[in-house]
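Survey of secondary and tertiary structure
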Amino acid sequence: MDVALGGTFDPVHDGHRRLFERAFELGDVTVGLTSDELAPKTRHVERTVRSFDDRRADLETELDAIATEYDRSFEIRRLEEPTGIATEPQFDYLVVSPETRSGGEQINEIRRERGYDPLEVVVVPHLRADDGDIISSTRIVHGEIDEHGTVLDGD
């Protein structure tokens with residue numbers, strides 16, 4: 001089975017790792033990584049996003065370890081538009097977080113228009129930080145939590 005997922009992944013955190021693990025449970029994985037042009041447009045909060053090349057290098061390290069554990073292969077591709085790679089015919093699954101579920105519905109509509117079978121959209125619940133809020137890259141960048149959801153002392 002071929003699995004698609006996408007994101008900015010800056011920085012990678014335990015919530016992302018949960019997405020990756022679920023994807024590798026399902027099959028071989030293709031990750032669409034937002035381009036430098038697209039990444040800022042996908043942010044709900046304005047913040048700096050590292051370069052595509054830096055994010056890709058970190059993502060490759062993360063995926064390599066998980067792919068080995070599941071004996072799967074992976075590919076990282078540049079995403080230039082939000083619906084990205086998942087509209088291509090070869091995929092069977094799309095792994096998403098709760099807030100990107102509607103994007104999965106949009107992708108399946110595009111796939112139907114192109115005569116492709118819809119993807120099975122697999123929603124992976126958020127991981128919570130020690131304070132009960134979700135683990136997010138924005139919270140990490142703002143210094144609220146670390147990549148594992150440990151609340152940082154702001155002093």
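In this text, all values refer to a predicted model and were calculated from it rather than measured experimentally.

Definitions and cut-offs
- Residues numbered from 1 in each chain as written.
- Predicted model: local features only at pLDDT ≥ 70, side-chain atom pairs only at ≥ 80, totals over all residues.
- Heavy atoms only, no water.
- Helix = DSSP H or I, 4+ residues; strand = E, 2+ residues; numbered from the N terminus.
- Buried < 20%, exposed > 50% of the residue type's maximum accessible area, 1.4 Å probe, protein only.
- Polar contact = N/O pair within 3.5 Å; in protein donor to acceptor, adjacent residues only side chain to side chain.
- Contact = heavy atoms within 4.5 Å.
- Core = buried A, V, L, I, M, F, W, Y, C linked by side-chain atoms within 4.5 Å.

**Thoughts on the side chain of Ser136**
Inspection of the secondary structure assignment puts Ser136 in the loop between strand 5 (120-123) and helix 4 (137-141). Ser136 gets classed as buried once you look at its relative accessible area, which sits at 17%. Side-chain polar atoms of Ser136 contact the backbone nitrogen of Arg139, separated by 3.1 Å. Ignoring any residue separated from it by four or fewer positions in sequence, one finds Ser136 in contact with His13 and Ile145.

**A few points about the nonpolar core**
Counting residues in hydrophobic clusters, the biggest one holds 22 residues, and the most contacted among them are Leu5, Phe9, Phe20, Leu59 and Val95. Elements that contribute at least two residues to this core include exactly strand 1 (2-7), helix 1 (14-26), strand 2 (28-34), helix 2 (52-70) and strand 4 (93-96). Sequence-distant contacts of Leu5, that is, excluding residues within four places in its chain, are made with Leu19, Phe20, Ala23, Val29, Thr30, Val31, Gly32, Ile85, Leu94 and Val95. In this structure, Ala4, Phe91, Ile107 and Leu119 belong to the second largest nonpolar core, which totals 10 residues.

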